[in-house]
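The lines below spell out each chain.
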Amino acid sequence: MTLADQLRRAEHDRSALIEESILPTHLNQRPIGMIGYGWIWVGIAVIIATYSLGAAGVGGGVPLATVILTIFAANLTIGAFMLLTADIGTEHGVPFAVYLRAPFGIHGTHLPSLSRGLVAAMWFGIQTYLGALALNGIGEYVLGVSNWFVWYLLFGLLQIASTMAGIRSVERLAALAAPAIIAISVWMYFSLEGIAETKGLNIWTFRAEGQMSLLALFIANLGFWSTMAIDIPNLTRFIAVKPGARGFLSRNRAVFLGQLVALPVTQALVAGIGGVSFIATGNWNPIEVIQGDAQGLSLLTLLLLVVLAQWSTNNSANLIPAALTFVNLAPRRIDYRIGVALAGVVGTLCFPWEILNNLFTFLGYCGAFLLSIGGIMVADYYVLRGRRLNVPALYDPQGQYRYAGGFNLAGLVAWIVAGAAAAWWSDYSVFVGFPLGALLYLALMKLVVLPRHPQPEMAGAEGFLATSEGVSWAYLGGGQFTRLRPGETAGAVVPREDL
């Protein structure tokens, strides 16, 4: 059997730890460029809840310009953190849930990864519900028919089908939706500013009577994207990168536009629109404000923004992360497409229309535990392993990441303790969960775990890097991996189900 035949056959192997969509991506299986990744993040960043962040700041007595700058700075900060976890994807091509097998164990990974997957599925339900309301508004205006639940089912099925089509479909949708979202958002801004002017209000000099501190506003925005900050390898494993890019900057340069420009600029713009809406009408939701007076093309344009924003966010930020955690849970039974469908079902069964009013309280506690995962990931990847990762052992049921019965107590204890502390001090969860999780994990690993479970990559041995050395982790079947250069796999790699 030739190498090409072996690789093609191995792509469809399934075991307790292996399924095609959670195998490492090869360097020639990464289609997303810098611009495409930037468009994806424009689409992700425009969600209706973002408007409330800007309105909260303005209502808290902070000038609009200061609110926008604070939100920009907060998202620039979380974007920089995303760069750290993004390298797991660009260097090794493994998804978030599979990487967690290193700090948590091959079975221990399910507890933290599912905590993220379930939140992602819940967000899918909420976003789909908001999009369904907009579609129902279009249906009422054009057809004179109102039934939001039917629109929910149709919109949900459409999103699931487009995400099942793979990452290329997600990128194409983002390239279509993002420019439209930006254009409609600019139109919304000028419409709201016009409303404020008719009332004699200057949006840039307006001051409310609230007493919100800039630190509180900054922390609220940091926590907003903490979930995406930890599972960003799910996306960056598909970013085109030059083989042999040894430097961190050169290896991740295609990530910069999305994380350091598209995310903070778009978030600041959208939150600013929420602030202008509050100034003009006292309502943080500009969709409701403009919808109340809009007719004809203006109304349809506004509702189109809602649909595109929910759709583009759900594809990449909710359905993909949730699907991969479900695949990781039971690779023998769940493939990528089943995982996407399961994410849609779970997101619907959480009855998002019932929990929407209490969403941020719930997600605040979930975010506290997720932030501690981020601290553990960074400590594990950079401090302990020096970016070296024994990828074949991630898929080996008897390998080094088995630890004690498949669970690494150092990771699990650090996660639970740091997450509980962050939840207790929820107003400062960003500054509690991340550093505490990292420090506890490092201490427990060095004092308790490593003496019993040596990790060969930590000894600085060669052969545990991939992109930096111009190679890809390639699965040969039967639990066997090797590292191959792009030329060696060029004729052997078939399209994956998640491409």
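Scroll up to find the structure this text is about.
Heads up: these notes are all about the structure in this document. All values derive from a computational prediction rather than experimental measurement.

### Some details on the overall build of the protein
Point 1. Across its full length, the protein carries 23 helices and two strands.
Point 2. What you see for the protein is a C-alpha radius of gyration of 23 Å, in line with the 23 Å of a compact globule of 499 residues.
Point 3. By the burial criterion, 58% of the 499 residues in the protein qualify as buried.
Point 4. Taking the intrachain contacts of the protein between residues at least 6 apart in sequence as the baseline, contacts between residues at least 24 apart amount to 84%.
Point 5. As displayed, the protein has an accessible area near 18500 Å², and 65% of this comes from carbon and sulfur atoms.
Point 6. Distance from the positive charge centre (27 side chains) to the negative charge centre (26 side chains) of the protein: 10 Å.

### Describing helix 17 (residues 336–349)
Point 1. The terminal C-alpha atoms of helix 17 lie 20 Å apart, and with 14 residues this matches the ideal 20 Å at 1.5 Å per residue to within 8%.
Point 2. Restricting attention to buried positions, one finds in helix 17 the residues Y336, G339, V340, A343, G344 and G347. Summarising the axial view, the buried residues of helix 17 lie within an arc of 140 degrees, below the 170-degree limit, and thus occupy one face.
Point 3. The N-cap of helix 17, judged by a side-chain oxygen 3.3 Å from the amide nitrogen of R337 a few residues on, is D335.

### Considerations on the side chain of H92
Point 1. With respect to the helices and strands, the residue H92 is situated in helix 4 (residues 64–92).
Point 2. We classify H92 as buried; its relative accessible area is 1%.
Point 3. Reaching out from H92, the side chain makes a polar contact with the side chain of W473 at a distance of 3.3 Å.
Point 4. With sequence-adjacent residues up to four places away left out, H92 is seen in contact with P24, R30, D87, Y381, R387, L389, V391, F464, L465, A466 and W473.

### Examining the nonpolar core
Point 1. Core analysis: the biggest nonpolar cluster contains 146 residues, and W41, V94, W225, M228, L235, L394 and Y395 have the highest contact counts within it.
Point 2. Examining the composition of this core, we find that 17 residues originate from one element, helix 16 (residues 296–329), more than from any other.
Point 3. Setting aside its immediate chain neighbours within four residues, V94 contacts P24, I88, G89, Y99, P233, R237, L389, V391, L394 and Y395.
Point 4. Counting five residues, the second-largest nonpolar core is a separate cluster that includes A368, A421, A423 and V432.

### Quick look at the pattern of salt bridges
Point 1. Inspection of every chain in the model, using the stated rule, returns 10 salt bridges.
Point 2. Here R387 ties to E91 by a salt bridge, and the two come within 2.8 Å at their closest N and O atoms. With R387 in the loop between helix 19 (359–384) and helix 20 (391–394) and E91 in helix 4, the pair connects residues that are 296 residues apart, well separated along the chain. No difference in accessibility class separates R387 from E91, as the two residues are buried.
Point 3. Across the salt bridge formed by R483 and E469, the nearest N and O atoms sit 2.6 Å from each other. Here R483 is found in strand 2 (residues 480–484), whereas its partner E469 is found in the loop between helix 22 (429–449) and strand 1 (472–477), with 14 residues between them in sequence.
Point 4. Classification of E469 as buried rests on a relative accessible area of 17%.
Point 5. Residues joined by salt bridges that share partners form a network here, namely D87, E91, R251 and R387.

### Things to note about the environment of Q159
Point 1. The residue Q159 is located in helix 8 (residues 148–164) in this model.
Point 2. Between the C-alpha atoms of Q159 and T236, which are 77 residues apart in sequence, the distance is 21 Å.
Point 3. In terms of polar contacts, Q159 uses its side chain to reach the side chain of N314, at 2.7 Å.

### Structural notes on helix 8
Point 1. Helix length check: helix 8 (17 residues) gives 24 Å between terminal C-alpha atoms against 24 Å at 1.5 Å per residue, within 8%.
Point 2. Of all the positions in helix 8, only Y152, F155, G156, Q159, I160, S162 and T163 are classed as buried. Angular distribution of buried residues about the axis of helix 8 spans 165 degrees; they occupy a single face of the element.
Point 3. Looking one or two places after helix 8, you find G166, whose phi comes out positive at around 105 degrees.

### Looking at the pairing of strand 1
Look at any regular strand and the pattern is simple: side chains alternate between the two faces of the sheet.
Point 1. Summarising burial for strand 1: six of the six residues are buried, a large majority.
Point 2. As paired elements, strand 1 and strand 2 share five bridges and run antiparallel to each other. The partner of A474 across the bridge, within strand 2, is T482.
Point 3. Counting the residues between successive antiparallel strands, the hairpin from strand 1 to strand 2 contains two residues, one of them, G478, with a positive phi of roughly 65 degrees.

### Some words on unusual backbone geometry
Point 1. Of note, the phi angle at R387 is positive, near 70 degrees, even though the residue is not glycine.
Point 2. The class of R387 is buried, set by a relative accessible area of 15%.
Point 3. Unusually for a residue other than glycine, Y403 sits at a positive phi of about 50 degrees.
Point 4. Residue position: Y403 is located in the loop between helix 20 and helix 21 (409–424).

### A closer look at the packing of helix 8 against helix 16
Helix-helix packing: each pair is described by the crossing angle between the helix axes and the interaxial distance.
Point 1. Interaxial distance between helix 8 and helix 16 falls to 10 Å at its minimum, and their mutual angle equals 50 degrees. Comparing their axes, helix 16 and helix 8 come out oblique. For the crossing formed where helix 8 meets helix 16, the hand is right-handed. Note on element contacts: helix 16 touches helix 8 through V307, Q310, W311, N314, N315, L319 and I320, opposite F155, L158, Q159, I160, S162 and T163.

### So, the packing of aromatic side chains
Point 1. Applying the stated rule across the entire model yields 13 aromatic pairs.
Point 2. Between the aromatic rings of Y129 and W148, the centroid separation amounts to 5.2 Å while the plane-to-plane angle is 80 degrees, which identifies the pairing as edge-to-face. In this pair, Y129 sits in helix 7 (residues 110–143) while W148 sits in helix 8, placing the two residues 19 residues apart along the sequence.
Point 3. Here Y129 falls in the buried class, since its relative accessible area comes to 15%.
Point 4. Judged by centre distance (6.1 Å) and plane angle (0 degrees), the rings of F149 and Y152 are stacked.

Parameters and conventions
Residues numbered from 1 in each chain as written. Predicted model: local features only at pLDDT ≥ 70, side-chain atom pairs only at ≥ 80, totals over all residues. Heavy atoms only, no water. Helix = DSSP H or I, 4+ residues; strand = E, 2+ residues; numbered from the N terminus. Rg over C-alpha atoms; globule rule 2.2 N^0.38 Å. Buried < 20%, exposed > 50% of the residue type's maximum accessible area, 1.4 Å probe, protein only. Contact = heavy atoms within 4.5 Å. Areas by Shrake-Rupley, 256 points an atom, 1.4 Å probe, with all protein chains shown as cover. Lys, Arg positive; Asp, Glu negative; His and termini not counted. Charge placed at Lys NZ, Arg CZ, Asp CG, Glu CD. Expected span 1.5 Å × (residues − 1). Arc of directions from axis to C-beta. Polar contact = N/O pair within 3.5 Å; in protein donor to acceptor, adjacent residues only side chain to side chain. Core = buried A, V, L, I, M, F, W, Y, C linked by side-chain atoms within 4.5 Å. Salt bridge = Lys/Arg side-chain N within 4 Å of Asp/Glu carboxyl O. Pairing = 2+ DSSP bridges. Axes fitted to C-alpha atoms, helices over the stretch in contact; angles between N-to-C directions. Parallel < 35°, antiparallel > 145°, perpendicular 65-115°, else oblique. Left-handed = near helix turned anticlockwise from the far one by under 90°. Phe/Tyr/Trp six-rings, centres within 6.5 Å; stacked < 30°, edge-to-face > 60°.

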